[in-house]
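What follows is the residue order along each chain.
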Amino acid sequence: MSDSRFSLRSATGDDTEFLADMLVAAVNWDPARPQASREQVLGDRLTAHYVEGWPRVGDLGALAVDTGGQPIGAVWLRLFSADDPGYGFVAANVPELSLGVVPPWRGRGVGRALLTEITRQAEASGFTRMCLSVERANRAFNLYAGEGFTTVESGPDSDTMIKIISRQ
Ligand SMILES: CC(C)(COP(=O)(O)OP(=O)(O)OC[C@H]1O[C@@H](n2cnc3c(N)ncnc32)[C@H](O)[C@@H]1OP(=O)(O)O)[C@@H](O)C(=O)NCCC(=O)NCCS
């Protein structure tokens, strides 16, 4: 369900801190586990490289903002190389998706709206696929599956999923 009390805009270079906040939220998606600190997330190359140097050439992103313009969620796509792959790495020309919504806004359609918007941006930029990694226990898994992502590789707890944007 969409919520008229938020709107979407493209992510800019001024949004790095909020993207980092959403990266920390994504790492800490399971409240039953010990939560990683921001310093840990940004100090570990495997997670920090999702936002390091934002925006890089080829990066795409969108923010959801409330009526006061405060960010409440973000989605972004970044290309990785085989030498420095993301958790959901598929190929160097397939950008990997990150997504997070601040807790008070979860379950109100923000995540789904952000996925629709980043798909539009990716298509407009000529990408044919996007990929991600998600733990199957995360409710985000059902959101991705419902938005057209399919599993291409299954690990013990996580799936790599892709969404075909265009077959061109
Ligand atoms: C995953 C996340 C981005 C989803 O964003 P959201 O704004 O809450 O999602 P939406 O409100 O658009 O809901 C989309 C779907 O998620 C599921 N969902 C939403 N709230 C739910 C809840 N409380 N319990 C179970 N499923 C829920 C539903 O399948 C929903 O589909 P519906 O619209 O048909 O009901 C958000 O929960 C989040 O930030 N989680 C922590 C970070 C994270 O896990 N990021 C992804 C890492 S891979």
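Residues numbered from 1 in each chain as written. Predicted model: local features only at pLDDT ≥ 70, side-chain atom pairs only at ≥ 80, totals over all residues. Heavy atoms only, no water.

Looking at an unreviewed UniProt entry, one finds the chain named GNAT family N-acetyltransferase, with Streptomyces chumphonensis as its source organism.

Moving on, we get to the overall build of the chain. Counting its regular elements, the chain contains five helices and seven strands. Start at the N end of the chain and walk to the C end: the helices and strands fall as β-α-α-α-β-β-β-α-β-α-β-β. Relative to its length of 168 residues, the chain is compact, with a C-alpha radius of gyration of 15 Å against a globular reference of 15 Å. Viewed in the frame of its principal axes, the chain has a C-alpha envelope of about 40 × 40 × 30 Å. Relative to its full complement of 168 residues, the chain shows a buried share of 45%. Of the contacts made within the chain by residues no fewer than 6 positions apart, 61% connect residues no fewer than 24 positions apart. (Helix = DSSP H or I, 4+ residues; strand = E, 2+ residues; numbered from the N terminus. Rg over C-alpha atoms; globule rule 2.2 N^0.38 Å. Buried < 20%, exposed > 50% of the residue type's maximum accessible area, 1.4 Å probe, protein only. Contact = heavy atoms within 4.5 Å.)

As for its placement among the helices and strands, histidine 49 is situated in the loop between helix 3 (45-48) and strand 2 (60-66). On the basis of relative accessibility, which here comes to 0%, the residue histidine 49 falls in the buried class. A distance of 3.0 Å separates a polar atom in the side chain of histidine 49 from the backbone oxygen of leucine 46. Setting aside its immediate chain neighbours within four residues, histidine 49 contacts Arg78, Phe80, Asp84, Pro85 and Gly86. (Polar contact = N/O pair within 3.5 Å; in protein donor to acceptor, adjacent residues only side chain to side chain.)

Checked against the element boundaries, methionine 161 lands in strand 7 (residues 158-164). Apart from the residues lying within four places of it in its own chain, the contact partners of methionine 161 are Met130, Cys131, Leu132, Val134, Phe141, Tyr144, Ala145, Phe149, Thr150, Thr151 and Val152.

Let's shift gears to the site of the ligand. Around the ligand there are 20 residues in total, and Gly107, Gly109, Gly111, Arg112 and Arg139 lie nearest to it. The separation between an oxygen atom of the ligand and a polar main-chain atom of valine 101 is 2.8 Å. Here an oxygen atom of the ligand and a side-chain polar atom of arginine 112 are 2.7 Å apart. Summarising the interface, the protein chains cover 71% of the accessible area of the ligand, which totals 930 Å² for the free molecule. Of all the elements in the fold, those that place two or more residues in the shell around the ligand are helix 1 (16-27), strand 4 (96-101), helix 4 (110-124), strand 5 (129-135) and helix 5 (140-146). Tallied by class, the residues present in the shell around the ligand amount to ten nonpolar, six polar and four charged. (Near = heavy atom within 4 Å. Areas by Shrake-Rupley, 256 points an atom, 1.4 Å probe, with all protein chains shown as cover. Nonpolar A, V, L, I, M, F, W, Y, C, P; charged D, E, K, R; others polar.)

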